[in-house]
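# Structural description and commentary
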Amino acid sequence: MADASLIGADNAITFMVSAGLVYEIIAAACSSPQTAEINADRRAGTLMKWVKIGLAQAALFVALAAWLDSEHWPAILGGALAAGLMWWSYVYAKRSGLRSGAPGTEA
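Residues numbered from 1 in each chain as written. Predicted model: local features only at pLDDT ≥ 70, side-chain atom pairs only at ≥ 80, totals over all residues. Heavy atoms only, no water.

The next subject is the overall build of the protein. In terms of helices and strands, the protein carries 4 helices and 0 strands. Overall, the protein shows an N-to-C arrangement of helices and strands of α-α-α-α. Taken over the C-alpha trace, the protein has a radius of gyration of 16 Å; the compact-globule value for 107 residues is 13 Å, which it surpasses by more than 25%. The principal-axis extent of the C-alpha atoms belonging to the protein is close to 50 × 30 × 15 Å. The buried share of the protein, taken over its 107 residues, is 29%. Looking at the protein alone, contacts between residues at least 24 apart form 85% of all its contacts between residues at least 6 apart. Summing over all exposed atoms, the protein offers an accessible surface of approximately 6,800 Å²; the carbon and sulfur share of this is 66%. Here the protein holds 7 positive side-chain charges and 8 negative ones, and the gap between their average locations is 21 Å. (Helix = DSSP H or I, 4+ residues; strand = E, 2+ residues; numbered from the N terminus. Rg over C-alpha atoms; globule rule 2.2 N^0.38 Å. Buried < 20%, exposed > 50% of the residue type's maximum accessible area, 1.4 Å probe, protein only. Contact = heavy atoms within 4.5 Å. Areas by Shrake-Rupley, 256 points an atom, 1.4 Å probe, with all protein chains shown as cover. Lys, Arg positive; Asp, Glu negative; His and termini not counted. Charge placed at Lys NZ, Arg CZ, Asp CG, Glu CD.)

Here you go:
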C-alpha cells in the first residue's frame, strides 16, 4: 500500500489541479458522457475523435505542470488517472448509446 505521508500539500494541489484540468479540457471539447450516450446514433462517428483531441490537449498541460513542479509525479499521476477515467466514460457512453434503442435529442 502507498505511504500517504509522501504526499505533501504542494503535491496534493498539483495532483488535483492536473486531474481537474483533464476533466475540464475533455468537457470543453466533448460536451459530456451523458450527452454522448443520448446522441450516440448521430455522434458516434466523431465522438472519440474529439475525446482523443481533448486528451492530447490535456496531456500538453499536464506535461507542462509536471515540468514546472519539482516533483513531477503528482501532475503525471493526477492527469493519467483523470484521462483514463474520462476515456473509459466516453467509451462506455458510446457503447451504451449505440446499444440503446431510445431516440436521441438531436433531429
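There's plenty left to go through after this.
This brings us to the environment of glutamine 34. Position of glutamine 34 relative to the elements: it lies in helix H2 (residues 33–38). In this structure the C-alpha to C-alpha distance between glutamine 34 and isoleucine 13, which are 21 residues apart in sequence, comes to 28 Å.

This part covers a nonpolar patch on the surface. A cluster of nonpolar side chains, Tyr23, Leu81 and Leu85, forms an exposed patch at the surface whose accessible area comes to about 260 Å². Locating leucine 85 in the fold gives a position in helix H4 (residues 73–99). (Patch = residues over 30% accessible without salt bridge, like charges linked within 9 Å, V, L, I, M, F, W, Y side chains within 5 Å. Salt bridge = Lys/Arg side-chain N within 4 Å of Asp/Glu carboxyl O.)

Any two packed helices are characterised by the angle at which their axes cross and by the distance between the axes. Orientation of helix H3 (residues 40–68) relative to H4, taken along the N-to-C sense of each, is 180 degrees, at an axis distance of 10 Å. With respect to H4, the element H3 is oriented roughly antiparallel. Across from Ala40, Asp41, Ala44, Leu47, Met48, Val51, Lys52, Leu55, Val62, Ala65 and Ala66 in H3, the residues of H4 making contact are Ala75, Ile76, Gly79, Ala83, Trp87, Tyr90, Val91, Lys94, Gly97 and Leu98. When grouped by side-chain class, the residues that make up the contact of H3 with H4 number 16 nonpolar, 2 polar and 3 charged. (Axes fitted to C-alpha atoms, helices over the stretch in contact; angles between N-to-C directions. Parallel < 35°, antiparallel > 145°, perpendicular 65-115°, else oblique. Nonpolar A, V, L, I, M, F, W, Y, C, P; charged D, E, K, R; others polar.)

On to the packing of helix H1 (residues 9–30) against H4, then. The geometry of H1 relative to H4 is characterised by a closest axis approach of 7 Å and an angle of 30 degrees between their N-to-C directions. In terms of axis orientation, H1 runs roughly parallel to H4. Crossing of H1 against H4: the hand is right-handed. Together, Asn11, Thr14, Phe15, Ser18, Ala19, Val22, Tyr23, Ile26 and Cys30 of H1 and Trp73, Pro74, Ala75, Leu77, Gly78, Gly79, Leu81, Ala82, Ala83, Leu85, Met86 and Tyr90 of H4 make up the contact between the two elements. Residues belonging to the contact of H1 with H4 are distributed by class as follows: 16 nonpolar, 5 polar and no charged. (Left-handed = near helix turned anticlockwise from the far one by under 90°.)

What follows deals with H4. Helical periodicity: at 3.6 residues per turn, an α-helix aligns residues three or four positions apart in one direction. Across its 27 residues, H4 extends 39 Å between first and last C-alpha, which sits within 8% of the 39 Å expected from 1.5 Å per residue. Within H4 the residues assigned to the buried category are Pro74, Ala75, Gly78, Gly79, Ala82, Met86, Tyr90, Ala93, Ser96 and Gly97. The secondary structure elements touched by the buried residues of H4 are H1, H2 and H3. (Expected span 1.5 Å × (residues − 1).)

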